[in-house]
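Take a look at the letters that make up each chain.
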Amino acid sequence: MRPARAVIDLQALRDNYRLAQELTGARALAVIKADAYGHGAVRCANALAEVADGFAVACIEEALELREAGIQAPILLLEGFFEAAELALIVEHNLWCVAHSLWQVEAIEQARLAAPLTVWLKMDSGMHRVGVHPADYAQAYQRLLASGKVAKVVLMSHFSSADELDNPRSSEQVAQFTSTCQGLSAEVSLRNSPAVLGWPQVPSDWVRPGIMLYGASPFEQPHPQAERLQPVMTLESRVISVRELPAGEPVGYGQKFMTDRPMRIGVVAMGYADGYPRHAPTGTPVMVAGKRSRLVGRVSMDMLCIDLTDVPEANLGSPVELWGQNVLASDVASLAQSIPYQLFCNLKRVPRHYTE
Ligand SMILES: *Cc1c(COP(=O)(O)O)cnc(C)c1O
C-alpha cells in the first residue's frame, strides 16, 4: 500500500486541550469544525469526550455528524443557522447556536420551538466580519431574553489579530466589548487559541481553542506558552525511489531545481493531492531516516523530491516526516506562504491512523 499517512496522537490532543483549560481557568469548547482541522472530528470528539466541556463546529451538518456518532456534550454552531428552518433541528439535537446578525435574532423571535435555545450572541467588536453592531447589541440581548424562546444567552466576540501580540486591536476589541456589555449579566466568551495562549488578562467564562488543540502555534514568533503544545498530526511517507545525479541536472517539473554538485535524490510518495502545499519551496525541511533534510524542486501531485546527499543511510523505504514532532507544520506553512490551519484542513487522500 502507498505509505503516505497521517498519524494522529489523541493523547497529545487531550493534553493540549487541558492546557487551554489550565491557562484560562475557564470552560473550553474544543473547536472541531472542518473535520477537526483535518484530524477527524468524530475521532477527536470521542478522544476528548471525557475531558471536554463542549465542542464547537461551523454548522449544523458538522454537529449532526457528531450527534450521530453518539457525542452528547454541548455543541455550539459558530455560524449559527443559515435559514430559520434549522431551528427545529437545533432544538431537537440539543445544540447551542450563535446569533451573529439581527436577522437571526428576529428568526428566533418568530420561531415556534419545542424547547428554549441556548444562544451565543456575537458582537462585532472590531473584526467587521460577522457580529451584531455594538449599537444594537444590548437591545438584541434584551429581545432574545424577552422572546420566550431562549433559556440562556452567552455574550461573545471574536478577535481579528490576537496572534499579533504587539497589535493594540485586541485590547481595543476587549474595551469595546466590555463597555457594550456593561449591565448585561451573562457569561462571556472571547478567546480563540492565540488569546488563550497570549492574552491572559482577557475575561472569559468560556474559551474557544482551535488550532492549539492540534499542537500548532498560532503565532509567527516563538512564544513560551505555545512551546508547551504537542503536535498532534504527523504527516509521513516513505522514499519510493532513489537516484544519483551529476552536478547541473534538473529535478522535477519545470526544471526548477538544478543539482549544484553530484547529488542523491529521493522521491517520496506525497504530493499536493495529499494536501502537502504545492508552494513549499526548495529548502523546506523534512526528516528522512531520522535526519533533517530538505525538499528540492516542485511538489507534484503524488510525489515530491528530497535531498539525500548528506543522508547516506537513507534509502528505498526510508521513513519521511513531512511535518510532526520534528518538522513543525507552522514552519512548512510559513515557507509555503500559508498557515498551519490551511495545511491541516487541506489534508486529503492520506489515511489517518490514530494512536492513544
Ligand atoms: C474557528 C474559530 C475559533 C477557533 O480559532 P483558533 O484560532 O483555531 O483557535 C474560535 N472562535 C470562532 C468564532 C471561530 O470561528
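What counts and what doesn't
Residues numbered from 1 in each chain as written. Predicted model: local features only at pLDDT ≥ 70, side-chain atom pairs only at ≥ 80, totals over all residues. Heavy atoms only, no water. Helix = DSSP H or I, 4+ residues; strand = E, 2+ residues; numbered from the N terminus. Buried < 20%, exposed > 50% of the residue type's maximum accessible area, 1.4 Å probe, protein only. Contact = heavy atoms within 4.5 Å. Areas by Shrake-Rupley, 256 points an atom, 1.4 Å probe, with all protein chains shown as cover. Lys, Arg positive; Asp, Glu negative; His and termini not counted. Charge placed at Lys NZ, Arg CZ, Asp CG, Glu CD. Pairing = 2+ DSSP bridges. Right-handed = clockwise from strand over helix to strand, strands pointing away. Arc of directions from axis to C-beta. 1 Å grid on protein atoms, 1.4 Å probe; cavity = no way out; pocket = protein on both sides within 12 Å on 5 of 7 lines; lining within 4 Å. Points joined across faces, edges and corners; volume = space filled by probe spheres on them. Nonpolar A, V, L, I, M, F, W, Y, C, P; charged D, E, K, R; others polar. Near = heavy atom within 4 Å. Polar contact = N/O pair within 3.5 Å; in protein donor to acceptor, adjacent residues only side chain to side chain. Core = buried A, V, L, I, M, F, W, Y, C linked by side-chain atoms within 4.5 Å. Salt bridge = Lys/Arg side-chain N within 4 Å of Asp/Glu carboxyl O. Axes fitted to C-alpha atoms, helices over the stretch in contact; angles between N-to-C directions. Parallel < 35°, antiparallel > 145°, perpendicular 65-115°, else oblique. Left-handed = near helix turned anticlockwise from the far one by under 90°.

**Focus: the overall build of the chain**
Here is step 1 of the chain: Check the secondary structure of the chain and you find 11 helices and 18 strands.
Here is step 2 of the chain: Projected onto its principal axes, the C-alpha coordinates of the chain cover approximately 75 × 45 × 35 Å.
Here is step 3 of the chain: Classification of the 356 residues of the chain by burial places 55% in the buried group.
Here is step 4 of the chain: Contacts spanning at least 24 positions in sequence make up 65% of the contacts within the chain whose residues lie at least 6 apart.
Here is step 5 of the chain: For the chain, the exposed surface amounts to about 15,400 Å²; the carbon and sulfur share of it is 49%.
Here is step 6 of the chain: One way to put it: in the chain the 31 positive side-chain charges average out to a point 3 Å from where the 38 negative ones average out.

**Remarks on the pairing of strand β7 (residues 150-157)**
Here is step 1 of the chain: Within β7, 6 of the 8 residues are buried, which leaves it mostly tucked inside the rest of the structure.
Here is step 2 of the chain: Here strand β6 (residues 117-123) pairs with β7 via 7 bridges, running parallel. Pairing of Lys-122 across the sheet is with Met-156, part of β7.
Here is step 3 of the chain: As a crossover connection, the stretch from β6 through helix α7 (residues 134-146) into β7 is right-handed.
Here is step 4 of the chain: As judged from the 2 bridges shared by β7 and strand β8 (residues 188-191), these two strands associate in the parallel manner. Its bridge partner being in β8, Met-156 is matched across the sheet by Ser-189.

**Let's talk about helix α6 (residues 102-110)**
Here is step 1 of the chain: Within the sequence span of α6, burial applies to Gln-104, Val-105, Ala-107 and Ile-108. Each buried residue of α6 sits inside an arc of 160° when the element is viewed along its axis, so together they form one side.
Here is step 2 of the chain: At its buried positions, α6 is contacted by α5 (86-92), β5 (96-99), β6, α7 and β7.

**Side note on the layout of surface pockets**
Here is step 1 of the chain: The volume enclosed by the second largest pocket comes to roughly 150 Å³.
Here is step 2 of the chain: Taken together, Asp-163, Glu-164, Leu-165, Asp-166, Pro-218, Phe-219, Glu-220, Gln-221, Pro-222 and His-223 make up the full set of residues lining the second largest pocket.
Here is step 3 of the chain: Here the lining of the second largest pocket is built from residues that sort into 4 nonpolar, 2 polar and 4 charged.

**Thoughts on the site of the ligand**
Here is step 1 of the chain: Not every one of the 14 residues close to the ligand is listed here, only the nearest: Lys-33, Tyr-37, Ser-193, Ile-211 and Tyr-341.
Here is step 2 of the chain: Separating a nitrogen atom of the ligand from a side-chain N or O atom of Arg-208 is a distance of 2.9 Å.
Here is step 3 of the chain: One nitrogen or oxygen atom from the side chain of Tyr-341 is found 2.7 Å from an oxygen atom belonging to the ligand.
Here is step 4 of the chain: The protein chains hide 92% of the 380 Å² of surface that the ligand would expose on its own.
Here is step 5 of the chain: Sorting the residues of the shell around the ligand by element identifies α2 (33-37) and α9 (193-198) as the ones contributing at least two each.
Here is step 6 of the chain: For the shell around the ligand, the per-class residue count stands at 7 nonpolar, 4 polar and 3 charged.

**A word on the nonpolar core**
Here is step 1 of the chain: Formed by 119 residues in total, the largest nonpolar core has its most connected members in Phe-55, Leu-121 and Tyr-276.
Here is step 2 of the chain: For this core, the element with the most residues is helix α1 (residues 10-24), which contributes 6 residues.
Here is step 3 of the chain: Beyond its immediate chain neighbours, meaning those up to four positions away, Leu-121 contacts Ala-99, Val-105, Val-132, Tyr-137, Ala-140, Tyr-141, Leu-144, Val-153, Val-154, Leu-155 and Met-156.
Here is step 4 of the chain: Of all hydrophobic cores here, the second largest spans 8 residues; its members include Leu-245, Val-251, Phe-257 and Val-267.

**Considerations on the environment of Arg-298**
Here is step 1 of the chain: Within the secondary structure, Arg-298 is located in the loop between β15 (291-296) and β16 (304-307).
Here is step 2 of the chain: For the pair Arg-298 and Gly-252, spaced 46 residues apart in the sequence, the C-alpha separation amounts to 6.1 Å.
Here is step 3 of the chain: Once you skip the residues sitting within four places of it in the chain, Arg-298 turns out to touch Tyr-253, Gly-254, Lys-256 and Arg-278.

**Topic: the pattern of salt bridges**
Here is step 1 of the chain: Using the criterion set out here, one finds 17 salt bridges in the structure.
Here is step 2 of the chain: Arg-5 serves as the salt-bridge partner of Glu-236, at 2.8 Å between the closest nitrogen and oxygen. One end of the pair, Glu-236, is in strand β10 (residues 233-245); the other, Arg-5, is in strand β1 (residues 5-9), with 231 residues separating them in the sequence.
Here is step 3 of the chain: The partly exposed category is assigned to Glu-236, whose relative accessible area is 22%.
Here is step 4 of the chain: The salt bridge partner of Asp-35 is Arg-352, with a shortest N-O separation of 3.2 Å. You can see Asp-35 sitting in helix α2 and its partner Arg-352 sitting in strand β18 (residues 352-355), a full 317 residues away along the chain.
Here is step 5 of the chain: Through salt bridges with shared partners, a single ionic network connects Arg-2, Asp-274, Asp-302 and Arg-349.

**Digging into the sheet that holds β6**
Here is step 1 of the chain: The 8 strands are arranged β2-β3-β4-β5-β6-β7-β8-β9 in a closed barrel whose pairing can be described as parallel.
Here is step 2 of the chain: The sheet contacts of helix α4 (residues 60-68) involve β3 (54-57) and β4 (75-77), and relative to β4 the element is tilted by about 165°.

**Section: the side chain of Ser-189**
Here is step 1 of the chain: Structurally, Ser-189 can be placed in strand β8.
Here is step 2 of the chain: With relative accessibility at 0%, the residue Ser-189 sits in the buried group.
Here is step 3 of the chain: The residues touching Ser-189, leaving out its near neighbours within four places in the chain, are Trp-120, Val-154, Leu-155, Met-156, Ser-157, Trp-206 and Arg-208.

**A few points about the packing of α6 against α7**
Here is step 1 of the chain: Two elements in contact, α6 and α7, have axes separated by 10 Å at closest approach and are oriented at 15°. The pairing of α6 with α7 is recorded here as roughly parallel in orientation. Crossing handedness for the pair α6 and α7: left-handed. Residues Leu-102, Val-105, Glu-106, Ile-108 and Glu-109 of α6 form the contact with α7, whose participating residues are Asp-136, Ala-140, Arg-143 and Leu-144.
Here is step 2 of the chain: Class assignment for the residues of the contact of α6 with α7 results in 5 nonpolar, no polar and 4 charged.

None of the figures reported here should be taken as evidence of function without further support.
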